[in-house]
Amino acid sequence: MLAIERRQKIMAMLNENKSVLVPELAKLFNVTEETIRRDLEKLEKEGFLKRTYGGAVLVENYNVDIPFEFRNVTNIEGKKQIALTLIKYIEDGDTLVMDSSTSALQVAKLLKTKKKITVITNSEQIINELKVFEDNIKVISTGGTLRNRSLSLVGPIAENTLKSLNANKAIISCKGFDIEKGFTESNELEAQVKKIMIEIADQVFMIADHTKMNKTALVNIATLDDVDFIFTDKVLLPSQENAIREKNVEIVYC
């Protein structure tokens, strides 16, 4: 296993369990404890965790811009389940606008089951995923400035492209969701693109798996008034459900 793959799995474990232990990681990955300590040191320098005696704990700073490769292995099974449910809401002939989230990527992987779909996206990963289905899926790239950390296209070019287009459905994810503060994102450029995607779509499908719930990041991207559906993988508290449904937003459990 490559070092980057090992660190991806360590981050996925941290996101789920909030802490890890060096001896357990060394045994799991069949490497020395010193190798694990180097992994943790590198991740600490990037601001993702804090090393402790014998292990590390997650730094729950929702404004940290986590790289795509780490996000892509976090709660992957939950994201796949959400995608399997959400794809049932996509109809042949739809025009979709999709952000650069790992959750949207899981939906994109299932679009081959649909016919005559148009996808507008700022995600390099989604473009690569769908390019082999060009006979059945038309892909429109927003263009823009590539953010290597998120593998997304952002900035004025991406924003202007989106403003000139229309979509039936937006498939968007977020960094955090709070009943009062709504849906938030950690990066201003990403947030602006997502806001425009929401504006140009007739319906907004917001993906918020359980790792996003009751968290608030730096930039607001939408309120409950802006979305039509919330797709999540764990049951919310009754008070949360009531507050969401009062806004005529449908909660879809996956």
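Residues numbered from 1 in each chain as written. Predicted model: local features only at pLDDT ≥ 70, side-chain atom pairs only at ≥ 80, totals over all residues. Heavy atoms only, no water.

Going by the annotation in an unreviewed UniProt entry, the name recorded for the chain is DeoR/GlpR family DNA-binding transcription regulator, with Caldicellulosiruptor morganii given as the source organism.

With that settled, the discussion passes to the pattern of salt bridges. This model, assessed by the stated rule, comprises 14 salt bridges. Across the pair Asp39 and Arg6 runs a salt bridge whose closest N-O atoms are separated by 2.5 Å. Pair noted here: Asp39 is in helix 3 (residues 33–45) and Arg6 is in helix 1 (residues 3–17), with a separation of 33 residues, a long-range link. Just as Asp39 is buried, Arg6 falls in that class too. Across the pair Arg51 and Glu44 runs a salt bridge, and its minimum N-O distance is 2.8 Å. Accessibility expressed as a relative area gives 39% for Arg51, which makes it partly exposed. Several salt bridges converge on common partners, so that one network encompasses Arg6, Arg7 and Asp39. (Salt bridge = Lys/Arg side-chain N within 4 Å of Asp/Glu carboxyl O. Helix = DSSP H or I, 4+ residues; strand = E, 2+ residues; numbered from the N terminus. Buried < 20%, exposed > 50% of the residue type's maximum accessible area, 1.4 Å probe, protein only.)

The next subject is helix 9 (residues 188–200). Over its 13 residues, helix 9 extends 19 Å from the first C-alpha to the last, a length consistent with the 18 Å expected when each residue adds 1.5 Å. Among the residues of helix 9, Glu190, Ala191, Val193, Lys194, Ile196, Met197, Ile198 and Ile200 are the ones counted as buried. Here helix 9 starts with a cap whose side-chain oxygen sits 2.9 Å from the backbone nitrogen of Leu189, and that cap is Asn187. (Expected span 1.5 Å × (residues − 1). Polar contact = N/O pair within 3.5 Å; in protein donor to acceptor, adjacent residues only side chain to side chain.)

Taken in spatial order, the 3 strands make up an open sheet running 1-3-2, and their pairing is antiparallel. Across the chains shown, the open sheet's two edge strands, defined by having one partner strand only, are strand 1 (19–21) and strand 2 (49–52). Going across the sheet, the axis of each strand differs from the next one's by a mean of 20 degrees, ignoring polarity. In this sheet, strand 3 (residues 55–58) lies alongside strand 2 in antiparallel orientation, the contact comprising 4 bridges. Residue Leu49 lies in a different strand from strand 3, and its bridge partner there is Leu58. (Pairing = 2+ DSSP bridges. Axes fitted to C-alpha atoms, helices over the stretch in contact; angles between N-to-C directions.)

Turning our eyes to something else, we now look at the nonpolar core. Ranked by size, the top nonpolar core spans 32 residues in total, and within it Val97, Leu162, Phe183, Met206, Val227, Ile230 and Ile244 carry the most contacts. Of all the elements, helix 9 adds the most residues to this core, at 6 residues. Among residues more than four places away in sequence, those in contact with Met206 are Ile172, Ser173, Cys174, Phe183, Ile198, Ile221, Ala222, Val227, Phe229, Ile230 and Phe231. Within the second largest apolar cluster, 23 residues are counted, among which are Ala108, Val119, Ile171 and Ile207. (Core = buried A, V, L, I, M, F, W, Y, C linked by side-chain atoms within 4.5 Å. Contact = heavy atoms within 4.5 Å.)

Here Arg147 is to be found in strand 7 (residues 145–147). In this structure Arg147 comes out as buried when scored by relative accessible area, which is 13%. Of the polar contacts made by the side chain of Arg147, one reaches the side chain of Ser150; its length is 3.0 Å.

With that out of the way, let us pick up helix 3. The terminal C-alpha atoms of helix 3, which comprises 13 residues, lie 18 Å apart, in line with the 18 Å expected from a rise of 1.5 Å per residue. Taken residue by residue, helix 3 has Thr35, Ile36, Asp39, Leu40 and Leu43 as its buried positions. Along the axis of helix 3, the buried positions cluster into a sector of 135 degrees, meaning they face one direction only. (Arc of directions from axis to C-beta.)

Taken across its 7 residues, strand 9 (residues 167–173) has 6 buried, putting it largely inside the fold. Inspection of the sheet shows strand 4 (residues 95–98) paired to strand 9 by 3 bridges, in the parallel sense. If you follow Val97 over to strand 9, its bridge partner there is Ala170. In this structure, strand 9 lies alongside strand 12 (residues 201–207), joined through 6 bridges in parallel fashion. Looking at strand 12, one finds that Lys169 is bridged to Gln203.

Now for the environment of Leu110. Following the sequence through the fold, Leu110 ends up in the loop between helix 6 (102–108) and strand 5 (117–121). Spatially, the C-alpha atom of Leu110 lies 9.8 Å from that of Leu130, the residues being 20 residues apart in sequence. Ignoring any residue separated from it by four or fewer positions in sequence, one finds Leu110 in contact with Ala83, Leu84 and Ile87.

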